[in-house]
Amino acid sequence: MSRRAFAAAFPATVPVLMGYLSIGIAFGLMLEAVGYNVIWAFFMSLTIYAGSGQYMGVELLATGAALVNVAALTLILNFRHLVYGLSLLEKFRGMGVRKLYMIFSLTDETYALLSSARVPERVDPHDYYFAVAVLDHSYWILGSVIGSVAGALIQFDTTGIDFAMTALFLVIAVDQWNTYRSHLPALLGAGITVVSLVVMGAANMLIPALCVIIAALLALRVKLDRDPAVEKEAV
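Residues numbered from 1 in each chain as written. Predicted model: local features only at pLDDT ≥ 70, side-chain atom pairs only at ≥ 80, totals over all residues. Heavy atoms only, no water.

Enquirer: Which parts of the structure should I look at to understand the UniProt feature "transmembrane region" (unreviewed entry) in the chain?
Expert: Under the feature "transmembrane region" (unreviewed entry), the UniProt entry names residues 6-27, 34-52, 58-79, 139-156 and 186-219. Secondary structure content for residues 34-52 is 63% helix and 0% strand, while the C-alpha to C-alpha distance between its ends is 17 Å. Along residues 58-79 one finds 77% helix and 0% strand; the C-alpha atoms at either end are 19 Å apart. (UniProt positions renumbered as here; feature names shortened; annotations may be inferred. Helix = DSSP H or I, 4+ residues; strand = E, 2+ residues; numbered from the N terminus.)

Enquirer: I'm lost on the pattern of salt bridges in this one. Help?
Expert: Opposite charge on two side chains allows them to pair when their charged atoms are near. Scanning all chains against the criterion turns up 2 salt bridges. We note a salt bridge from Arg93 to Glu90, for which the minimum N-O separation is 2.9 Å. Residues Arg98 and Asp127 are paired through a salt bridge, measuring 2.7 Å at the closest nitrogen-oxygen approach. With Arg98 in helix 7 (residues 98-104) and Asp127 in helix 9 (residues 125-153), this pair connects stretches of sequence that are 29 residues apart. Taking relative accessible area as the criterion, Arg98 reaches 25% and is therefore assigned partly exposed. (Salt bridge = Lys/Arg side-chain N within 4 Å of Asp/Glu carboxyl O. Buried < 20%, exposed > 50% of the residue type's maximum accessible area, 1.4 Å probe, protein only.)

Enquirer: Can you help me understand helix 8 (residues 108-115) in this one?
Expert: Side chains that are three or four residues apart share a direction in an α-helix, a result of its 3.6 residues per turn. Counting buried positions over the 8 residues of helix 8 gives 6, a clear majority of the element. Listed in full, the buried residues belonging to helix 8 are Asp108, Glu109, Thr110, Ala112, Leu113 and Leu114.

What follows is the structure, encoded as C-alpha coordinates:
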(Lines give C-alpha, C1' and ligand atoms only; values in the text may rest on other atoms or scores of the structure.)
Protein backbone atom coordinates (compact mmCIF):
# COMPACT_ATOMS: atom_id res chain seq x y z
CA MET A 1 0.00 0.00 0.00
CA SER A 2 1.50 3.33 -1.04
CA ARG A 3 1.70 6.37 1.19
CA ARG A 4 0.35 8.35 -1.76
CA ALA A 5 -2.96 6.48 -1.53
CA PHE A 6 -3.31 7.21 2.19
CA ALA A 7 -2.33 10.85 1.69
CA ALA A 8 -4.95 11.17 -1.05
CA ALA A 9 -7.64 9.35 0.94
CA PHE A 10 -7.20 11.19 4.22
CA PRO A 11 -8.83 14.53 3.23
CA ALA A 12 -11.89 12.66 1.96
CA THR A 13 -12.21 10.77 5.25
CA VAL A 14 -11.92 13.78 7.58
CA PRO A 15 -15.75 14.07 7.96
CA VAL A 16 -15.85 10.40 8.94
CA LEU A 17 -12.98 11.00 11.35
CA MET A 18 -15.02 13.67 13.12
CA GLY A 19 -18.13 11.52 13.17
CA TYR A 20 -16.43 8.28 14.19
CA LEU A 21 -14.54 9.89 17.02
CA SER A 22 -17.85 11.20 18.38
CA ILE A 23 -19.94 8.06 18.02
CA GLY A 24 -16.98 5.81 18.83
CA ILE A 25 -16.47 7.67 22.09
CA ALA A 26 -20.19 7.32 22.79
CA PHE A 27 -19.96 3.57 22.20
CA GLY A 28 -16.94 3.26 24.49
CA LEU A 29 -18.73 5.18 27.23
CA MET A 30 -21.82 2.99 26.93
CA LEU A 31 -19.78 -0.21 26.98
CA GLU A 32 -17.81 0.90 30.02
CA ALA A 33 -21.05 1.85 31.78
CA VAL A 34 -22.34 -1.74 31.58
CA GLY A 35 -19.10 -3.19 32.93
CA TYR A 36 -16.93 -3.98 29.90
CA ASN A 37 -13.51 -2.35 29.80
CA VAL A 38 -11.26 -0.94 27.09
CA ILE A 39 -10.08 -4.38 25.95
CA TRP A 40 -13.66 -5.23 24.99
CA ALA A 41 -14.09 -1.88 23.26
CA PHE A 42 -10.91 -2.35 21.23
CA PHE A 43 -11.59 -5.90 20.07
CA MET A 44 -15.30 -5.32 19.37
CA SER A 45 -14.39 -2.38 17.15
CA LEU A 46 -11.54 -4.29 15.52
CA THR A 47 -13.46 -7.49 14.74
CA ILE A 48 -17.15 -6.52 14.63
CA TYR A 49 -16.88 -2.97 13.29
CA ALA A 50 -20.59 -2.27 12.97
CA GLY A 51 -21.57 0.99 14.60
CA SER A 52 -25.28 0.42 15.07
CA GLY A 53 -24.62 -3.28 15.66
CA GLN A 54 -22.16 -2.47 18.42
CA TYR A 55 -24.58 -0.02 20.01
CA MET A 56 -27.15 -2.79 20.04
CA GLY A 57 -24.47 -5.15 21.34
CA VAL A 58 -24.10 -3.04 24.47
CA GLU A 59 -27.73 -3.69 25.35
CA LEU A 60 -27.43 -7.37 24.49
CA LEU A 61 -24.36 -7.77 26.68
CA ALA A 62 -26.04 -5.88 29.51
CA THR A 63 -29.08 -8.19 29.42
CA GLY A 64 -27.15 -11.42 28.79
CA ALA A 65 -29.04 -12.16 25.56
CA ALA A 66 -28.83 -15.66 24.06
CA LEU A 67 -26.37 -16.16 21.19
CA VAL A 68 -29.13 -17.08 18.73
CA ASN A 69 -30.92 -13.81 19.52
CA VAL A 70 -27.70 -11.87 19.04
CA ALA A 71 -27.15 -13.51 15.63
CA ALA A 72 -30.71 -12.90 14.45
CA LEU A 73 -30.83 -9.27 15.56
CA THR A 74 -27.43 -8.53 14.04
CA LEU A 75 -28.53 -10.03 10.72
CA ILE A 76 -31.68 -7.93 10.68
CA LEU A 77 -29.89 -4.74 11.66
CA ASN A 78 -27.06 -5.11 9.12
CA PHE A 79 -29.07 -6.61 6.27
CA ARG A 80 -28.82 -3.27 4.48
CA HIS A 81 -25.16 -4.00 3.74
CA LEU A 82 -26.32 -6.48 1.09
CA VAL A 83 -27.51 -3.51 -0.93
CA TYR A 84 -24.20 -1.72 -0.45
CA GLY A 85 -22.19 -4.72 -1.58
CA LEU A 86 -24.21 -5.27 -4.72
CA SER A 87 -23.65 -1.70 -5.85
CA LEU A 88 -19.86 -1.88 -5.37
CA LEU A 89 -19.14 -5.19 -7.10
CA GLU A 90 -17.42 -3.52 -10.02
CA LYS A 91 -15.26 -1.24 -7.85
CA PHE A 92 -14.01 -4.17 -5.78
CA ARG A 93 -13.32 -6.38 -8.79
CA GLY A 94 -9.62 -7.21 -9.14
CA MET A 95 -8.65 -6.28 -5.58
CA GLY A 96 -7.52 -9.81 -4.73
CA VAL A 97 -7.34 -10.71 -1.03
CA ARG A 98 -8.00 -7.09 -0.09
CA LYS A 99 -11.53 -7.57 -1.39
CA LEU A 100 -12.33 -9.62 1.74
CA TYR A 101 -11.38 -6.70 3.96
CA MET A 102 -13.36 -4.30 1.78
CA ILE A 103 -16.45 -6.44 2.27
CA PHE A 104 -15.89 -6.62 6.03
CA SER A 105 -15.25 -2.88 6.40
CA LEU A 106 -18.18 -1.63 4.31
CA THR A 107 -19.95 0.55 6.85
CA ASP A 108 -22.56 3.16 5.98
CA GLU A 109 -20.00 5.95 6.06
CA THR A 110 -17.35 4.09 4.07
CA TYR A 111 -19.97 3.17 1.50
CA ALA A 112 -20.96 6.83 1.18
CA LEU A 113 -17.34 7.76 0.45
CA LEU A 114 -16.65 4.89 -1.95
CA SER A 115 -19.87 5.25 -3.91
CA SER A 116 -19.01 8.84 -4.81
CA ALA A 117 -15.21 8.54 -4.79
CA ARG A 118 -13.23 10.68 -7.19
CA VAL A 119 -9.79 9.09 -7.23
CA PRO A 120 -6.96 11.65 -7.68
CA GLU A 121 -4.64 11.34 -10.64
CA ARG A 122 -1.57 9.09 -10.26
CA VAL A 123 -3.26 7.11 -7.48
CA ASP A 124 -4.33 3.52 -8.08
CA PRO A 125 -8.11 3.34 -7.55
CA HIS A 126 -7.92 0.05 -5.63
CA ASP A 127 -5.22 1.43 -3.34
CA TYR A 128 -7.37 4.51 -2.77
CA TYR A 129 -10.49 2.49 -1.89
CA PHE A 130 -8.48 0.31 0.49
CA ALA A 131 -6.92 3.36 2.17
CA VAL A 132 -10.36 4.89 2.72
CA ALA A 133 -11.59 1.68 4.36
CA VAL A 134 -8.52 1.30 6.61
CA LEU A 135 -8.59 4.94 7.73
CA ASP A 136 -12.29 4.81 8.58
CA HIS A 137 -11.79 1.59 10.54
CA SER A 138 -8.90 3.10 12.51
CA TYR A 139 -11.01 6.17 13.41
CA TRP A 140 -13.73 3.95 14.82
CA ILE A 141 -11.29 1.93 16.90
CA LEU A 142 -9.64 5.11 18.20
CA GLY A 143 -12.96 6.66 19.21
CA SER A 144 -14.08 3.48 20.97
CA VAL A 145 -10.86 3.25 22.97
CA ILE A 146 -10.96 6.93 23.94
CA GLY A 147 -14.56 6.61 25.10
CA SER A 148 -13.90 3.49 27.13
CA VAL A 149 -10.85 4.98 28.86
CA ALA A 150 -12.74 8.21 29.56
CA GLY A 151 -15.67 6.22 30.97
CA ALA A 152 -13.33 4.37 33.31
CA LEU A 153 -11.74 7.59 34.57
CA ILE A 154 -14.77 9.88 34.70
CA GLN A 155 -18.37 9.11 35.64
CA PHE A 156 -20.82 9.89 32.82
CA ASP A 157 -24.58 9.78 32.53
CA THR A 158 -24.93 7.97 29.17
CA THR A 159 -28.69 8.51 28.85
CA GLY A 160 -29.49 9.48 25.27
CA ILE A 161 -25.89 9.27 24.08
CA ASP A 162 -26.79 6.58 21.54
CA PHE A 163 -28.54 9.28 19.47
CA ALA A 164 -25.07 10.16 18.18
CA MET A 165 -25.38 7.30 15.67
CA THR A 166 -28.74 8.55 14.37
CA ALA A 167 -27.34 12.07 14.04
CA LEU A 168 -24.42 10.82 11.94
CA PHE A 169 -26.79 8.89 9.64
CA LEU A 170 -28.78 12.08 9.08
CA VAL A 171 -25.64 14.03 8.21
CA ILE A 172 -24.62 11.36 5.68
CA ALA A 173 -28.10 11.32 4.15
CA VAL A 174 -28.15 15.09 3.70
CA ASP A 175 -24.65 15.05 2.17
CA GLN A 176 -25.62 12.33 -0.31
CA TRP A 177 -28.80 14.21 -1.21
CA ASN A 178 -26.81 17.36 -1.94
CA THR A 179 -24.09 15.51 -3.86
CA TYR A 180 -26.29 13.86 -6.51
CA ARG A 181 -28.73 15.31 -9.03
CA SER A 182 -30.85 12.18 -9.17
CA HIS A 183 -32.86 11.63 -5.99
CA LEU A 184 -34.90 8.68 -7.29
CA PRO A 185 -33.14 5.96 -5.22
CA ALA A 186 -33.43 8.04 -2.03
CA LEU A 187 -37.09 8.87 -2.60
CA LEU A 188 -37.82 5.27 -3.49
CA GLY A 189 -36.14 4.00 -0.33
CA ALA A 190 -37.90 6.54 1.87
CA GLY A 191 -41.32 5.81 0.37
CA ILE A 192 -41.00 2.05 0.64
CA THR A 193 -39.75 2.37 4.22
CA VAL A 194 -42.73 4.50 5.26
CA VAL A 195 -45.20 2.09 3.63
CA SER A 196 -43.50 -0.88 5.31
CA LEU A 197 -43.63 0.89 8.67
CA VAL A 198 -47.36 1.58 8.32
CA VAL A 199 -48.22 -1.91 7.06
CA MET A 200 -45.82 -4.09 9.10
CA GLY A 201 -45.27 -2.00 12.21
CA ALA A 202 -41.98 -0.84 13.71
CA ALA A 203 -40.96 -4.28 14.99
CA ASN A 204 -41.32 -6.08 11.64
CA MET A 205 -40.74 -3.49 8.94
CA LEU A 206 -36.98 -3.62 8.34
CA ILE A 207 -36.43 -6.82 6.34
CA PRO A 208 -39.59 -6.44 4.16
CA ALA A 209 -38.63 -2.85 3.38
CA LEU A 210 -35.08 -3.80 2.41
CA CYS A 211 -36.26 -6.70 0.24
CA VAL A 212 -38.72 -4.48 -1.64
CA ILE A 213 -36.08 -1.74 -2.04
CA ILE A 214 -33.61 -4.25 -3.52
CA ALA A 215 -36.25 -5.59 -5.91
CA ALA A 216 -37.27 -2.07 -6.97
CA LEU A 217 -33.68 -0.95 -7.58
CA LEU A 218 -32.95 -4.08 -9.61
CA ALA A 219 -36.10 -3.51 -11.67
CA LEU A 220 -35.08 0.10 -12.31
CA ARG A 221 -31.42 -0.66 -12.90
CA VAL A 222 -31.58 0.00 -16.63
CA LYS A 223 -33.21 3.38 -16.07
CA LEU A 224 -30.74 4.30 -13.34
CA ASP A 225 -27.78 3.26 -15.51
CA ARG A 226 -29.13 5.36 -18.35
CA ASP A 227 -29.61 8.37 -16.07
CA PRO A 228 -26.93 7.88 -13.40
CA ALA A 229 -26.67 9.84 -10.18
CA VAL A 230 -24.12 12.31 -11.52
CA GLU A 231 -22.23 14.41 -9.04
CA LYS A 232 -22.91 18.09 -9.08
CA GLU A 233 -20.29 20.27 -10.65
CA ALA A 234 -18.50 22.63 -8.33
CA VAL A 235 -19.92 26.12 -8.34
